[in-house]
Amino acid sequence: MSVSTAALDSSVCAPLPVLGQDVTVPLVTGGEVTYAALDYAASAPALQRVWDDVAAYAPYYGSVHRGAGYLSQLSTDLFENSRRTVAEFLGCRPEDQVVFTRSTTDSLNLLAAAIPANCQVFVYETEHHASLLPWRDAQVTYLNAPRTPGQAVETLERALADRDPYGPALVCVTGASNVTGELWPVRELAAAAHAHGARIVLDAAQLAPHHPVDIAELDVDWVAFSGHKLYAPFGSGVLAGRADWLQAAEPYLAGGGASRKVARRADGGVDVDWHTTAARHEAGSPNVIGVYSIASACKALTEAGFDNLVAREQELVSRVREGLAEVPEVQVLSLFGDDAPRVGVISFVVRGWNSSHFAAALSAEYGIGVRDGLFCAHPLVRTLLGSDPQDPGECGAPEAEPGERSLNAIRVSFGAGTPDEHIDRFLRAVTELVREGAQWKYRTEDGRCVPDRGEAPQV
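Residues numbered from 1 in each chain as written. Predicted model: local features only at pLDDT ≥ 70, side-chain atom pairs only at ≥ 80, totals over all residues. Heavy atoms only, no water.

Caption draft 1: Structural view of unusual backbone geometry. If you check the backbone angles, Phe-234 has positive phi at about 80 degrees while not being a glycine. Structurally, the position occupied by Phe-234 is in the loop between strand 9 (222–226) and strand 10 (237–241). Judged by relative accessible area, which is 37%, Phe-234 ranks as partly exposed. (Helix = DSSP H or I, 4+ residues; strand = E, 2+ residues; numbered from the N terminus. Buried < 20%, exposed > 50% of the residue type's maximum accessible area, 1.4 Å probe, protein only.)

Set out below in structure tokens:
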């Protein structure tokens, strides 16, 4: 059974309050409008509940694991209780560890540093760079982009069948694509990995904010995600899962907190006794507020009712896809096809438009924030666009002038805090831009498409 999106009653679920709901931005055509934040896949706005929790704790901030004073003890309890909250949110098994990191990228690099020698790593070319690139010291097999969930499982099974059956192996896969939003068959991939003696790590950066993630149910070995995509501010992330490889590896960072005992030797060196708990890979003073914000977000999503949040988001996904389908010039990007379940992440191109020009016009003329570029998933976007892997183009940096076709795409993403009005405005703006064109002239400046302030509006 895969991660799926069931049809649920969403009538009881309203958008969750998030920071920035009332922020207004200027329009290049004059006046101001409430900002429509539709770039959740990059960084979701912080939940108001999370911000309130952090503000209530801030006066009691103290050094974690380092002090005998009341505030230090309070902060230590809060830090470790946050670890337990995250473990419960992820459905961790009793023997699993929750390690706090800076981000998904940091989490996967930590795991990459902890894999055993001669480990074979299998990763699809469709992954975000955070999952694609950390395995520099391993023997890596890059798997071609599958066109169906079943093909994804078959591709992995063939690759694993050809590997050295006696050495360690690790599969890295996303739960939801940061480009297409499509859900991957995580449970089936985990079963295939384990059947061939491999382990599997789930990149849940785009899945965890939109859908429940249960390590035990999905039967994955590790899960990685970032707080800033889970409606939590600040630079913090999570790597949760099996402890054995992490305990056997050298600490990710050497320093205070990772060591239990350090002693000088007679020869002038030092002997170090490292922790075997999660602290082994959490050297230095931890980001207590960032960790607490993740735990607060986990509680808020759970208490709001994830089933209802999922159902409402699916209504928004349907509205966006149906609205874009009414504009013939728009091509929505997809690996698995129109019927594939997905979260609130949709990428597209517009015939006759440079993607950065289109995104710039959405911002400057409508107050809508989306993302343009290759979304730190260059091989995947180029595959979806049918371009050669060697074609130019950088993440967020257009190579073409406004009005020319580019090798980039436009991504709209939304979630638990998105009001209906933002979706309506986005669809109206897309339709107007395609039918009537931009009202302003644009130019490329420092790799970005921006309004030309020296030019009069187009009429």
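Additional details are given in the paragraphs that follow.
Caption draft 2: How the structure looks around the sheet that holds strand 16 (residues 371–373). Spatially, four strands are ordered 13-14-17-16 in an open sheet, and the strand pairing comes out antiparallel. One side of each edge strand has no neighbouring strand; the edge strands of this open sheet are strand 13 (330–332) and strand 16. Sheet twist, expressed as the average angle between the axes of neighbouring strands with direction ignored, equals 30 degrees. (Pairing = 2+ DSSP bridges. Axes fitted to C-alpha atoms, helices over the stretch in contact; angles between N-to-C directions.)

Caption draft 3: Summary view of the packing of helix 5 (residues 149–161) against helix 6 (residues 186–195). The interhelical angle for the contact between helix 5 and helix 6, taken along N-to-C directions, is 15 degrees, at an axis separation of 10 Å. With respect to helix 6, the axis of helix 5 lies roughly parallel. Here helix 5 and helix 6 pass one another in a crossing that is right-handed. Across from Ala-152, Val-153, Leu-156, Glu-157 and Leu-160 in helix 5, the residues of helix 6 making contact are Glu-188, Leu-189, Ala-192 and Ala-193. Here the contact of helix 5 with helix 6 is built from residues that sort into seven nonpolar, no polar and two charged. (Parallel < 35°, antiparallel > 145°, perpendicular 65-115°, else oblique. Left-handed = near helix turned anticlockwise from the far one by under 90°. Contact = heavy atoms within 4.5 Å. Nonpolar A, V, L, I, M, F, W, Y, C, P; charged D, E, K, R; others polar.)

Caption draft 4: Looking closely at the pattern of salt bridges. Enumeration according to the criterion identifies 24 salt bridges in this entry. Note that Asp-271 and Arg-265 form a salt bridge whose closest N and O atoms lie 3.1 Å from each other. On the basis of relative accessibility, which here comes to 41%, the residue Asp-271 falls in the partly exposed class. Where salt bridges share partners, they join Arg-199, Asp-221, Arg-242 and Asp-244 into one cluster. (Salt bridge = Lys/Arg side-chain N within 4 Å of Asp/Glu carboxyl O.)

Caption draft 5: Representation of the nonpolar core in the model. Judged by nonpolar contacts, the single largest core of 85 residues is most densely connected at Leu-90 and Phe-225. The greatest single-element share of this core, amounting to eight residues, is contributed by helix 9 (residues 288–304). Once residues lying within four places of it in the same chain are set aside, the contact partners of Phe-225 are Val-86, Leu-90, Ser-103, Thr-104, Ser-107, Ala-204, Ala-205, Ala-208, Leu-230, Gly-237, Val-238 and Ile-294. With 36 residues, the next largest nonpolar core counts Leu-38, Val-350, Val-412 and Ala-438 among its residues. (Core = buried A, V, L, I, M, F, W, Y, C linked by side-chain atoms within 4.5 Å.)

Caption draft 6: Just the pairing of strand 10, in detail. For strand 10, the tally of buried residues reaches five of five residues, placing the bulk of the element in the interior. Covered by surrounding structure in strand 10 are Gly-237, Leu-239 and Gly-241 together with Val-238 and Ala-240, the residues of both alternating faces. Both strand 9 and strand 10 contribute to a ladder of five bridges, which runs antiparallel. Directly across from Trp-222, in strand 10, lies its bridge partner Gly-241.

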